[in-house]
Amino acid sequence: MNNKNVKVVVAIILIAVNILFWNIVDRLLIKVEWGKDYLADSIVTLVHNIFGIVVFLLLTIKILKIKVGFGKKNLVRGIFWYGLVMCIAIVVNLIIAYHKPETGFSEAFPYVVLTIFTNLSIGIVEEVMYRGMIFGVFRESFGEDKKGIYKSVFASALVFGVVHIVNLIIYPTLIVSTVTQVIYATNIGVLLAVIYYRSDNLLPGVILHGLLDFVSSIWICFASDINELYHVDSTSDMNIVFALVAIGMTSPFLISGLWQLRKLFNKRQSVGNEVSDT
């Protein structure tokens, strides 16, 4: 096994160890009641993610020696062009998730701020782990040609999707819901990997990922009893029809990612042909 393949194995093991570690920590240190309290659960999630960001950035850059792009480069283009489908999905999710506000903005403001930081931290840690590290090691292993990039995009997206299967540990009865989440997370992972590849910058994916999560929970902040709305029934599984609809709604992420890659490599091929002709 060459060094590049060793990095792939190490990166996947690190993801598995991270999941196992936090499941043990949650069971030993986190009170069950905290999971039903929006404020407590958000703070725990935020602390967890900050720790993960620091650890996985160090592991990716210092141990695995993978370069992570993070800055202003292609930021606007990455968000509004490469990530156009995600921008549309963010607006749609904001509308679909709407609940009539029961409190004023001043009362909801602390929860809004906490929700912004919590979801932003989710965006950062998951982009660092699955695009920065996982996509990075697959890209090193498979190469920079067309076939290698396609493999890297799909492999990293599949890892991102499959890790959601661990939700069955917490909710063993939610089989359809979990499988659905695995599929639509994979679809989203394809587009996020393409955005990172084209922009060479994690920040567009971080912002889009964080906003997509944020708009799904923003209206909870304006509930008079935030914990009642937050802690919904977690024992009823999703029906097949709704699952198919959910998967279908995320198919544009997959289609956009594949279309962008196809267009990009066709353009490179035509430019290469023009150069060879001269």
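Our structure is the block above this text.
Since we're looking at a predicted model, the values are computed, not measured.

Asker: Looking at this model, I keep getting lost on the overall build of the chain. Mind explaining?
Answerer: Looking only at helices and strands, the chain features 11 helices and 0 strands. Listed N to C, the secondary structure of the chain is α-α-α-α-α-α-α-α-α-α-α in terms of helices and strands. Taking 2.2 N^0.38 as the reference for a compact globule, 278 residues should give roughly 19 Å; the C-alpha atoms of the chain span a radius of gyration of 20 Å, in line with that estimate. By principal-axis analysis of the C-alpha atoms, the chain measures approximately 70 × 40 × 40 Å. For the chain, the residues scored as buried account for 42% of the 278 residues in total. Sequence separation of 24 or more characterises 85% of the internal contacts of the chain that already satisfy a separation of 6 or more. Accessible surface for the chain amounts to roughly 15200 Å². Of this, 69% is attributable to carbon and sulfur atoms. Distance between charge centres in the chain, computed from 22 positive and 19 negative side chains, equals 15 Å.

Asker: What am I meant to see in helix 9 (residues 202–217) here?
Answerer: An α-helical segment advances 3.6 residues per turn. Residues three or four places apart therefore align on the same side. For helix 9, spanning 16 residues, the distance from its first C-alpha to its last is 23 Å, which sits close to the expected 22 Å at 1.5 Å a residue. A large share of helix 9 lies buried, amounting to 12 of its 16 residues. Every buried residue belonging to helix 9 is among Leu-202, Leu-203, Pro-204, Gly-205, Val-206, Leu-208, His-209, Gly-210, Leu-212, Phe-214, Val-215 and Ser-217, and all of these are buried. Turning to helix 9, the residues buried within the fold contact helix 2 (38–63), helix 3 (75–82), helix 4 (84–96), helix 5 (105–142), helix 6 (146–162) and helix 8 (175–199). The N-cap of helix 9, judged by a side-chain oxygen 3.0 Å from the amide nitrogen of Leu-203 a few residues on, is Asn-201.

Asker: Can you help me understand the side chain of Glu-127 in this one?
Answerer: Secondary-structure assignment places Glu-127 in helix 5. A relative accessible area of 1% places Glu-127 in the buried class. Of note is the side chain of Glu-127, whose polar atom sits 2.7 Å from the side chain of Arg-131. Apart from residues lying up to four places away in sequence, Glu-127 is in contact with Gly-132, Leu-192, Leu-202, Gly-205, Val-206 and His-209.

Asker: What is the right way to read the pattern of salt bridges from this model?
Answerer: Where charged atoms from two side chains of opposite charge come close, those side chains can pair. If you walk through the whole model with that rule in mind, you get 4 salt bridges. A salt bridge links Lys-73 to Asp-200, with the nearest nitrogen and oxygen atoms 3.2 Å apart. Of this pair, Lys-73 sits in the loop between helix 2 and helix 3 while Asp-200 sits in the loop between helix 8 and helix 9; the two residues are 127 residues apart in sequence, bridging distant segments of the chain. We classify Asp-200 as partly exposed; its relative accessible area is 30%.

Reading the values: the criteria
Residue numbering note: each chain is counted from 1, following its sequence as written. For a predicted model such as this one, the threshold for reporting local features is a pLDDT of at least 70, and the threshold for listing and counting side-chain atom pairs is 80 or more; totals across whole chains, interfaces and linings nevertheless cover every residue. For side-chain calculations, the full set of non-hydrogen atoms in the structure is used, while hydrogens and water are omitted. By the criteria applied, helices consist of DSSP H or I runs no shorter than four residues and strands consist of E runs no shorter than two, each listed in order from the N terminus. Note on method: radius of gyration uses C-alpha positions; expected globular size equals 2.2 Å times residues raised to 0.38. Accessibility here uses a 1.4 Å probe with only protein chains present; expressed as a share of the type maximum, an area under 20% marks a residue as buried, one over 50% as exposed, and anything in between as partly exposed. The contact criterion used is simple: two residues touch if any of their non-hydrogen atoms lie within 4.5 Å. The Shrake-Rupley method, run with a 1.4 Å probe, gives the accessible areas here. Residue values count only the displayed protein chains as cover. In this tally, Lys and Arg are treated as positive and Asp and Glu as negative; His is ignored, and so are the chain termini. The atom standing in for a charge is NZ when the residue is Lys, CZ when it is Arg, CG when it is Asp and CD when it is Glu. To estimate the expected span of a helix, count its residues, drop one, and scale the result by 1.5 Å. In protein, a polar contact requires one atom able to donate a hydrogen and another able to accept it; more generally it is a pair of N or O atoms within 3.5 Å, and residues adjacent in sequence count only if both atoms are side-chain atoms. Think of a salt bridge as a Lys or Arg side-chain nitrogen and an Asp or Glu carboxyl oxygen that are within 4 Å of each other.

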